[in-house]
Amino acid sequence: MNTIQLECFVAVAEHLNFSRASEALRITQPAVSHQIHSLEDELNVKLFKRTSKNVSLTQEGIQFLPDAELILKTALSAKERLGNHERFIPFELGCHNHMELNLLPPLLKKLSEDFPLLRPNIRLVPFPSLLGLIENKQIHAAFGIKEEQKKSSLYFRELCSAPVACICHPDHPLAQYETLTQKHLSGNFIACSPRQIADPIFTMQNSIIGKLRPEQCFFADNMESAMTMVRAQMGYTLYPDITPAREPDVKYIRITDLPVLSFGVYYRYDDDHPVLRRFLHLCASNFTSHHSRITNTG
């Protein structure tokens, strides 16, 4: 396995078109095809499904893509360090969706001031995969809802208690309420794929779906799609109300008879990364200061 093979694989995975991948890489299409075939032979799996009309990733290709990207990033980082004779500090962070990404800008700003050679990388990863990436030391820390898990090397630091909220457009009939109970929820419901939400949220989703007619249910592949449907006034969705991560232009209404969830950061007990402890401290400080501002203005 070499970086040329991996670059070809990632390019085809991004474009899902061998011709456009070859243009992006500035090599011939037959050369791209040869590199993909040789990589598939080496891995003994098919990475792409090819027809006369389209190209798509196989399940093995989907699983291999994060590994290929990580290997290429590591190789590039090593080349930069050797070429510049500087000791860059890579720092891998994981998020599940854009709402969690909203938490990072102020944290990364302060971290970059403290560590000028910091080179962060942020990865959006589905729920079932993220803890495994931390366990395997591919990610240093990740935001998430606390769940029952057996990985003894992982630690969870709570940042806030997050009530589950009905998220809807400001013009939705439910938007007039300050709080709700489950029996007051009405209208079309937008559910998110179980691969993109924590198990407790998935369980709550199912309890609502079970009471609705099929025509009242919409299904989204991820939270970004669900929020887009909310903004389009197609219905409401459920998600923990993590106030510093709130999306604009939508209304968050606490559902008082659903459990409050613990939101925080997962990381390994034994991770001695030089930036990790500072990152954890900044996370806690950011949530504390945000809570203080909300309290003082409330």
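Structure first, text after, so check above.
Residues numbered from 1 in each chain as written. Predicted model: local features only at pLDDT ≥ 70, side-chain atom pairs only at ≥ 80, totals over all residues. Heavy atoms only, no water.

Visitor: Would you take a moment to explain the packing of helix H1 (residues 3–15) against helix H3 (residues 29–43) for this structure?
Guide: Helix-helix packing is characterised by the crossing angle of the two axes and by the distance between the axes. Between H1 and H3, whose axes approach to 9 Å, the crossing angle comes to 105°. Here H1 lies roughly perpendicular to H3, going by the angle between them. Across the interface between the two elements, Ile4, Gln5, Leu6, Cys8, Phe9 and Val12 from H1 touch Val32, Gln35, Ile36, Ser38, Leu39 and Glu42 from H3. A per-class count over the contact of H1 with H3 returns eight nonpolar, three polar and one charged. (Axes fitted to C-alpha atoms, helices over the stretch in contact; angles between N-to-C directions. Helix = DSSP H or I, 4+ residues; strand = E, 2+ residues; numbered from the N terminus. Parallel < 35°, antiparallel > 145°, perpendicular 65-115°, else oblique. Contact = heavy atoms within 4.5 Å. Nonpolar A, V, L, I, M, F, W, Y, C, P; charged D, E, K, R; others polar.)

Visitor: Is there a simple way to think about the environment of Phe143 in this case?
Guide: Along the chain, Phe143 turns up in strand S5 (residues 141–145). The exposure class assigned to Phe143 is buried, which follows from its relative accessible area of 2%. With 121 residues separating them along the chain, Phe143 and Gly264 place their C-alpha atoms 5.7 Å apart. (Buried < 20%, exposed > 50% of the residue type's maximum accessible area, 1.4 Å probe, protein only.)

Visitor: Even after reading the chapter, I still don't get helix H2 (residues 18–25), so can you show me in this structure?
Guide: Every α-helix winds through 3.6 residues per turn, so residues three or four apart in the chain are directed the same way. Buried residues of H2: Phe18, Ala21 and Ser22, and no others. Taken end-on, H2 shows its buried residues confined to a sector of 100°, consistent with a single buried face. The inward-facing, buried residues of H2 contact H1, H3, strand S1 (48–50) and strand S2 (55–57). Measuring from the backbone nitrogen of Ser19 back to the side-chain oxygen at the start of H2 gives 2.9 Å, which picks out Asn17 as the cap. Downstream of H2 by a residue or two, Arg26 has a phi angle that is positive, lying close to 60°. (Arc of directions from axis to C-beta. Polar contact = N/O pair within 3.5 Å; in protein donor to acceptor, adjacent residues only side chain to side chain.)

Visitor: Explain the nonpolar core here, please?
Guide: Across soluble globular proteins, nonpolar side chains show a tendency to be buried alongside one another. By size, the foremost hydrophobic cluster in this structure holds 66 residues, and its most contacted members are Leu111, Phe143, Cys166, Phe263, Val265 and Phe279. Counting residues per element, this core draws most heavily on helix H10 (residues 276–297), which supplies six residues. (Core = buried A, V, L, I, M, F, W, Y, C linked by side-chain atoms within 4.5 Å.)

Visitor: Teacher, can you tell me more about the pattern of salt bridges here?
Guide: Close approach of charged atoms allows side chains of opposite charge to pair. Applying the stated criterion across every chain yields a total of nine salt bridges. Close ionic contact of Glu215 with Arg213 constitutes a salt bridge, the shortest N to O distance being 2.8 Å. The class of Arg213 is partly exposed, set by a relative accessible area of 48%. Its salt-bridge partner being Asp241, residue Arg246 comes within 2.6 Å of it at the nearest N-O pair. Relative accessible area serves as the criterion here: at 39%, Arg246 is assigned to the partly exposed category. Of the residues examined, Asp241 reaches a relative accessible area of 10% and is grouped as buried. Among the charged side chains, a salt-bridge network with shared partners connects Glu40, Lys46 and Arg50. (Salt bridge = Lys/Arg side-chain N within 4 Å of Asp/Glu carboxyl O.)

Visitor: Please explain the pairing of strand S12 (residues 251–255) as it appears in this structure.
Guide: Side chains on a regular strand alternate between the two faces of the sheet. When strand S7 (residues 164–168) meets S12, the two strands line up antiparallel, connected through four bridges. Bridge pairing links Ala165 to Arg254 in S12. Pairing of strand S8 (residues 179–180) with S12, which is carried by two bridges, proceeds in the parallel orientation. Bridge assignment links Thr179 to a residue of S12, and that residue is Arg254. (Pairing = 2+ DSSP bridges.)

These values are about where atoms sit, not about what they do.
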